[in-house]
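# Observations on the three-dimensional arrangement
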Amino acid sequence: MSAIPPLSCWMAIAACVGAPILEAQSSYDPPVTITPRRVIMPRAVRIPVEISRATARISIEGNRAQTELTLTVRNSGAANTEAELLLPVPEGAIVKGFFYGNGQGKYTASLLPAQEARRLYDSIVARALDPALLEFAGFAAIRTSVFPVPARSEVTLTIVYDQVVSPENGRFDYILPRSESLEKNTEWQIRAEIAPPCTNVYSPTHDMETAALQNGTTVLTLPAARNHNPGAFRLSWQGAAPTLGIPQTTVYACPDSANPKNGYFMLMIGGDSITSDAKAAAIPREITLVIDRSGSMRGDKLAKVKESVKQIIAGLQEGESFNLITYNEGVEPFSHERVLKTPEQERRAFEWIDGMNARGGTNIHEALKQALAPPVRNGTLPLVIFMTDGMPTIGTTSEKAILQLAASHNPGKRRIFTVGVGEDVNAPLLRNMAETSRAVPTYILPKEDVETKMASLFRRLGGPVLADVELTLPGDVSRTGDMVPSTIGDIYNGLPALVTGTYKGTSPFNILVKATRPDGIRIDIPFTVDPGRISTQRDDFVGRLWASRQIGRLQAALTDMGANMQDIAALQRDPKTKEIIEEIIRLSIEFGIMSDFTSFFADDGSRAAHPAGTPLRLSDPHLRASAWSGFAVQERSGMGAVSKQGNIADMNEQRIQNKRNVRNTADGSAREADTIAQLAQNAYFKQGGVWVENSIVQQSPDQNMAPRYDRIVQIGTSEYMKVADRLISENRQSLLALDGSVNIRLGDEFILLQNTITP
């Protein structure tokens, strides 16, 4: 017999058929319960109903948030169905209305406080054998009246509720409950509007598009195509206008699950305008565009680069300056010194760009040398956009020498934003050139549009509001560690800087940030981090962002070790190499984050491919050697190298949870890992059809990924509910969203928790 699937629901719909049914329904028969993922069909009911689309519109003004959810419910059965909605919402929500059929009919809806909702969840779990509702223990619930769903049709439902969002240290946090299930049957769209004043608007859970209306309202949208992450939608903002000359700042913190006295923190240093005059708030930019015109750029590639360069020059503001440098085997500047952006200089530059042609080799070293040499005008932010589509072939071609030039012969402290066009570039070189100068690399793959990616880069560089940002620890330096990034660089309008790190102890500690304002004044921005007061498991994303950035930094260190290719065998034997690889694997297991050394996690059948069919042991020397050979240490160019360096750059800058572990593969395509789940402060790996908790892998002396348990706990039993209560008390109930069997560690006991049954 096949297993009855669990719900793992973000919401539930109870449905009963309006036509005769095949079996008489007894008093204990459960109703059919429908979720965005799948349908439970008990003995008495066989009508499939599901939620196919969901749209959330969120309006925030002051401390009041109104949420309007519009749901499309589909009944693919042959009989009309009556249904009832059960929706988890934050405690304290107030129902404003429930509408059926595009607002044509209005129905009643009642609000159940969290304790009553929990009792309802328990009753559904007991009758329908659905553990996933317990994922929402602690939330209130809206329960509606019955509404009709016609046969083979869709209906639209809209429910509206209000809530008060209380600030904490000037920061507001909004949450929209959604399931942690990895399945993606429902199409989601979200739009949030926040009335002014608001700054540092941030979602740690979803990649939102941000815009501003003329009245100052901030608008965030999540198109269906970008709805990758499962779990609750979170939104944070600060509800005060920027203080003249002082950026808005905030701190997040979460405890370490293994030792709550230690943990992880994240500083957010505001990137919104810090003066009342938007134009005065930005530091004037001095941009040098360095353009590769070697023979490989011939044709459509160079044509698109020309257009994107024109767009950048046209986008410069009055008072900003620029220069152009083209290179192949030689180097040719537009001007021997920077020129101010004027209509006349823009016209001259466009004519010069139009006359550019492609031929010859690639002299990266000399082009970079000329871009870095000129003096920088006081009061400006010097930026270089360095474009290439190939490896260095002319002049000094040593990767090590080019990096030394970028690091040690940059008197103006120019930020070098590198742009690699295509797959034939030295990908590690471009990443390192950028990061050494406190900038970021951009890789444009063959199928991507050059103009679009360049426009995106230029938008990122718009409106710099703080320069030369430095972070110091005026107190006990032993209280913090592993801060990433180690250097912040500059802060641009609308893009706050995020710094993550670890802390020890629960008493407050201080951090001092120094930065230069647009008016040239150097300012101090003091932080006090009080873990004992602000650290919360609700902000578990902080630990994962830190771990992802740390893994990226470690992988970058390994790649950079390969810049000197004279003795790669000695590099493999170096104890430091083994230490770095082991740390990457440890962090990957602890936080459920894919890396180039743990790609085997994505394959549920990976153990079968291991020699002699033995269980997968992460400490196996064969595995480490295999991981090393597959890592881009020797591979400096090609699609595989570009993809891996792009992954490293993304991890180094990660601002949003990557719960599906989306990564670029060797062929340049994006791939998700549906056998890794990041839930609360744990990670789960699906091996042999069983979800294995990271704590079990870590506790195993040989790091064996095979399941390990002292007893089996089956859903529907009293033991199961006791385990669920324990998980809820530890804020780990989200693991109940996982299908099948879940191998967990509870105290000193290892349990195989069966979330489904076989009739």
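Residues numbered from 1 in each chain as written. Predicted model: local features only at pLDDT ≥ 70, side-chain atom pairs only at ≥ 80, totals over all residues. Heavy atoms only, no water.

## What about the overall build of the protein chain?
When its secondary structure is counted, the protein chain shows 15 helices and 40 strands. Put simply, the protein chain has 759 residues, and 55% of those count as buried. A separation of at least 24 residues holds for 73% of the contacts in the protein chain among residues at least 6 apart in sequence. If you sum the accessible surface of the protein chain, you get close to 30600 Å²; carbon and sulfur atoms cover 50% of it. (Helix = DSSP H or I, 4+ residues; strand = E, 2+ residues; numbered from the N terminus. Buried < 20%, exposed > 50% of the residue type's maximum accessible area, 1.4 Å probe, protein only. Contact = heavy atoms within 4.5 Å. Areas by Shrake-Rupley, 256 points an atom, 1.4 Å probe, with all protein chains shown as cover.)

## Details of unusual backbone geometry
Proline 197 follows proline 196 through a cis peptide bond whose omega is 0°. Summarising the element assignment, proline 197 is placed in the loop between strand E13 (187-194) and strand E14 (199-202). At asparagine 200, a residue that is not glycine, the phi angle is positive and equals roughly 50°. For asparagine 200, the position within the fold is in strand E14. With a phi close to 55°, lysine 413 is a non-glycine residue in the positive phi region. For lysine 413, the location among the structural elements is in the loop between helix H5 (399-408) and strand E25 (415-421). Its relative accessible area of 55% is what places lysine 413 among the exposed residues.

## Looking at helix H9 (residues 541-561)
Over its 21 residues, H9 extends 31 Å from the first C-alpha to the last, a length consistent with the 30 Å expected when each residue adds 1.5 Å. Extensive coverage of H9 is indicated by the burial of 17 of its 21 residues. (Expected span 1.5 Å × (residues − 1).)

## Quick notes on the nonpolar core
Ranked by internal contacts, the top residues of the largest apolar core, which has 40 residues, are Tyr174, Leu176, Ile190, Leu235 and Trp237. If you tally residues by element for this core, the top one is strand E3 (residues 49-61), at six residues. (Core = buried A, V, L, I, M, F, W, Y, C linked by side-chain atoms within 4.5 Å.)

## Overview of helix H4 (residues 364-372)
For H4, the set of buried residues is Ile364, His365, Ala367, Leu368, Ala371 and Leu372. All buried residues of H4 lie within an arc of 165° about the axis, which places them on one face of the element. (Arc of directions from axis to C-beta.)

## Looking at the packing of aromatic side chains
Applying the stated criterion across every chain yields a total of 14 aromatic pairs. An aromatic cluster is defined as three or more aromatic residues linked by ring pairs; in this entry it consists of Tyr202, Tyr252 and Phe541. The ring of phenylalanine 350 is capped by lysine 310, whose NZ or CZ atom sits 5.7 Å from the centre of that ring. (Phe/Tyr/Trp six-rings, centres within 6.5 Å; stacked < 30°, edge-to-face > 60°. Lys NZ or Arg CZ within 6 Å of the ring centre and 35° of its normal.)

## Examining the pairing of strand E39 (residues 741-746)
Of all the six residues making up E39, five are buried; the element is thus mostly covered by neighbouring parts of the structure. With three bridges connecting them, strand E37 (residues 690-693) and E39 associate as parallel partners. Its bridge partner being in E39, tryptophan 691 is matched across the sheet by valine 742. Of the pairings in the sheet, the one linking E39 to strand E40 (residues 749-754) comprises six bridges and is antiparallel in character. (Pairing = 2+ DSSP bridges.)

## Brief notes about the environment of asparagine 682
For asparagine 682, the location among the structural elements is in strand E36 (residues 682-687). Expressed as a C-alpha distance, the spacing of asparagine 682 and glutamate 693, which sit 11 residues apart in the sequence, is 6.9 Å. When near neighbours in sequence (up to four residues on either side) are disregarded, asparagine 682 contacts Arg544, Ala677, Glu693, Asn694 and Arg732. In terms of polar contacts, asparagine 682 uses its side chain to reach the side chain of asparagine 694, at 3.2 Å. (Polar contact = N/O pair within 3.5 Å; in protein donor to acceptor, adjacent residues only side chain to side chain.)

## Remarks on the sheet that holds strand E27 (residues 464-472)
The four strands lie next to each other as E29-E27-E31-E32, forming an open sheet whose pairing is antiparallel. A strand with exactly one partner marks an edge of an open sheet, and here the two such strands are strand E29 (489-492) and strand E32 (522-529). Going from strand to strand, the sheet's axes swing by 35° on average, the running direction of each strand aside. In the sheet, E27 pairs with E29 via three bridges, with the strands oriented antiparallel. Directly across from leucine 466, in E29, lies its bridge partner isoleucine 491. (Axes fitted to C-alpha atoms, helices over the stretch in contact; angles between N-to-C directions.)

## Description of the confidence of the model for the protein chain
In this model, the protein chain carries an average pLDDT of 84, and 83% of its residues clear a pLDDT of 70 or more. Every residue in residues 1-9 is under pLDDT 50, and counting partners more than four places away or in other chains gives 44 contacts. Scored below 50 in pLDDT, residues 16-47 shows 81 contacts in the model against residues more than four places distant or in partner chains. (pLDDT = per-residue confidence, 0-100.)

## Overview of the pairing of strand E21 (residues 321-327)
The buried fraction of E21 is high, at seven of seven residues. Here E21 shows two buried faces, one formed by Ser321, Asn323, Ile325 and Tyr327 and the other by Phe322, Leu324 and Thr326. Taken together, the seven bridges between strand E20 (residues 285-292) and E21 define a ladder with parallel strand orientation. Looking at E21, one finds that glutamate 286 is bridged to serine 321.

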